[in-house]
Amino acid sequence: MEIHTDVVIAGCGVAGLYSALKLPADRQIVIITKSDARSSDSFLAQGGICVLRDEEDYDSYFEDTLRAGHYENRKESVDIMIRESRSVICDLVEYGVRFEQENGEFVYTREGAHSRPRILFHEDITGEEITSSLLKRVRERPNITLYEYTTMTDIIEEDGVCRGIVAEKTPDTCAGDGVLESKAQGNMAGEERIRCEIYAEDTILATGGIGGRYQHSTNYPHLTGDAIDIAKNHGIRLEHLDYVQIHPTTLYSDKPGRRFLISESVRGEGAVLYNEKKERFVDELLPRDVVTKAIHEQMEEEGTKHVWLSMAPIPTEKIRKHFPHIYEHCLEEGYDVTKECIPVVPAQHYFMGGIWVDSDSHTSMEGLYAVGETSCNGVHGANRLASNSLLESLVFSGRAAADIVRRSKGC
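The shown structure was predicted, so the numbers you read here are calculated from the model rather than taken from an experiment. (Residues numbered from 1 in each chain as written. Predicted model: local features only at pLDDT ≥ 70, side-chain atom pairs only at ≥ 80, totals over all residues. Heavy atoms only, no water.)

**Topic: the overall build of the protein chain**
Phase 1 of the analysis: Per the secondary structure count, the protein chain includes 11 helices and 20 strands.
Phase 2 of the analysis: The C-alpha atoms of the protein chain give a radius of gyration of 21 Å, which matches the 22 Å a tight globule of 411 residues would have.
Phase 3 of the analysis: The C-alpha extent of the protein chain, read off along each of the three principal axes, is 60 × 55 × 40 Å.
Phase 4 of the analysis: Here the protein chain, with 411 residues, has 60% of them falling under the buried criterion.
Phase 5 of the analysis: For the protein chain, the distance from the average site of its 45 positive side-chain charges to the average site of its 69 negative ones is 2 Å. (Helix = DSSP H or I, 4+ residues; strand = E, 2+ residues; numbered from the N terminus. Rg over C-alpha atoms; globule rule 2.2 N^0.38 Å. Buried < 20%, exposed > 50% of the residue type's maximum accessible area, 1.4 Å probe, protein only. Lys, Arg positive; Asp, Glu negative; His and termini not counted. Charge placed at Lys NZ, Arg CZ, Asp CG, Glu CD.)

**Looking at the sheet that holds strand E20 (residues 375–376)**
Phase 1 of the analysis: Strand order in the open sheet formed by 3 strands is E13-E18-E20, and the pairing between neighbours is mixed. Of all strands in the sheet, those bounded by a partner on one side alone are strand E13 (238–239) and E20.
Phase 2 of the analysis: Note: strand E18 (residues 354–356) against E20, 2 bridges, orientation parallel. Residue pairing for E20: Trp-356 is matched across the bridge by Cys-376. (Pairing = 2+ DSSP bridges.)

**Regarding the environment of Val-266**
Phase 1 of the analysis: Mapped onto the elements of the fold, Val-266 is located in helix H7 (residues 264–268).
Phase 2 of the analysis: Val-266 sits in the buried class, given a relative accessible area of 0%.
Phase 3 of the analysis: Measuring from C-alpha to C-alpha, the distance between Val-266 and Gln-101 comes to 19 Å, with 165 residues separating the pair along the chain.
Phase 4 of the analysis: Residues within four places of Val-266 in sequence aside, it is in contact with Ala-271, Leu-309, Met-311, Ile-314, Phe-323 and Ile-326. (Contact = heavy atoms within 4.5 Å.)

**Looking at the sheet that holds strand E15 (residues 272–274)**
Phase 1 of the analysis: The strand order across the open sheet built from 4 strands is E14-E17-E16-E15, with neighbouring strands paired in antiparallel fashion. Edge positions in the sheet fall to strand E14 (244–251) and E15, since each has one partner strand and no second. Averaged over all pairs of adjacent strands, the angle between strand axes in this sheet comes to 45°, irrespective of strand direction.
Phase 2 of the analysis: Sitting on the sheet, helix H8 (residues 288–302) is in contact with E14, E15, strand E16 (307–310) and strand E17 (342–351), with an inclination near 60° to E14. (Axes fitted to C-alpha atoms, helices over the stretch in contact; angles between N-to-C directions.)

**Re the side chain of Thr-203**
Phase 1 of the analysis: Structurally, the position occupied by Thr-203 is in strand E12 (residues 194–205).
Phase 2 of the analysis: Given the relative accessible area of 0%, Thr-203 is considered buried.
Phase 3 of the analysis: In contact with Thr-203, not counting residues within four places along its chain, are Val-8, Cys-162, Arg-163, Gly-164, Ile-165, Gly-367, Leu-368 and Tyr-369.

**What about helix H1 (residues 14–22)?**
Phase 1 of the analysis: Of all the 9 residues making up H1, 8 are buried; the element is thus mostly covered by neighbouring parts of the structure.
Phase 2 of the analysis: Taken together, the buried positions of H1 are Val-14, Ala-15, Gly-16, Leu-17, Tyr-18, Ser-19, Ala-20 and Leu-21.

**Observations concerning the pattern of salt bridges**
Phase 1 of the analysis: Across all of its chains, the model carries 31 salt bridges by this definition.
Phase 2 of the analysis: Of the charged contacts in the structure, one is a salt bridge between Arg-118 and Asp-57, with a shortest N-O distance of 2.8 Å. Here Arg-118, found in the loop between strand E5 (105–106) and strand E6 (119–120), pairs with Asp-57, found in the loop between strand E3 (49–50) and helix H2 (58–68); they are 61 residues apart in sequence, far enough to count as distant.
Phase 3 of the analysis: Taking relative accessible area as the criterion, Arg-118 reaches 0% and is therefore assigned buried.
Phase 4 of the analysis: Ionic pairing is found between Lys-318 and Glu-269, a salt bridge with its closest N-O pair at 2.6 Å. Pair noted here: Lys-318 is in helix H9 (residues 316–322) and Glu-269 is in the loop between H7 and E15, with a separation of 49 residues, a long-range link.
Phase 5 of the analysis: Since its relative accessible area comes to 35%, Lys-318 is described here as partly exposed.
Phase 6 of the analysis: Here the residues in one salt-bridge network are Asp-54, Asp-57, Glu-63, Asp-64, Arg-67, Arg-116 and Arg-118, joined through shared partners. (Salt bridge = Lys/Arg side-chain N within 4 Å of Asp/Glu carboxyl O.)

Below, the structure written as structure tokens:
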């Protein structure tokens, strides 16, 4: 089976969706996703999205990002992300994203390693609010076709130029109204798969992270770094594959499967970490890798499987308003965060390395772009600053779309 289009995008998290929306309406666009459209890690982001509040905030925001990244960041990329943050937020609001406001003004929160509050949020499901809004807009565009339960298996390379992707999809799917309808179960064991070659002038890889390769991760298990393996097989430049972030606080459980994240914004609002003796042992607002190391050392010293997180310093009303889903999930697991500590443990969370890209998200192969967690544009350095991931994905996916338009005009 062959499909011919102008642009093909593998992945439908915020990076894939935003790049599609930023392309002109006269471009035919195909998006594929390995699972259903809502099963991307973008939907799971809790804390929020950073934004440059004003010019006085620039130096401290820049320094916070570099300090968290151990000064291994690509400074040009950091500058681009910060400078373009406000325009991205304006786009999101136009697309229907509802950030917390008071008296018509944005409310900003703070997370670990930030020197001041600069994070916009929607309750404790900011990622879901942003991604669902983008997905809704994508489904409204007649020039965009979305194929669910369709897995990229390779790229099409001709004379060193990317000409599209090879994918496999379930046999009973059919395109209609710009969206591919697919069975709820997707690729069931033993199910026949149909090979599909999707030819395009430009290809964008937005397949997410690598959490599916880890036993304990906050990521969806089907996110296994497919684009990284494909890029390696084609000699495409990769960078910093060992830069993997472990989030300090996920709810401890003996159950298998994805770990439930306890957002860093909880600590930003005052929550504290305790050891088995209910003693504090670390500054909770230090960068994630530092807090993670302190937790591991405490667990090893005490011979425990977790440490404790107390939300007692946060007013009950604020917990229920700002963190309603964390509150409800913990209740379901038997913990009332307004009355008791909860057990937390570090788990794999984010991939700072990936496919090397330039400041316009172009890879080392002509006709091929990479955006979001799949890519490595150097913003995060060796360790990501909290709530920079959504912003970085949006800024640089927008730049990929802009570069595609410029190149098509011969600029």
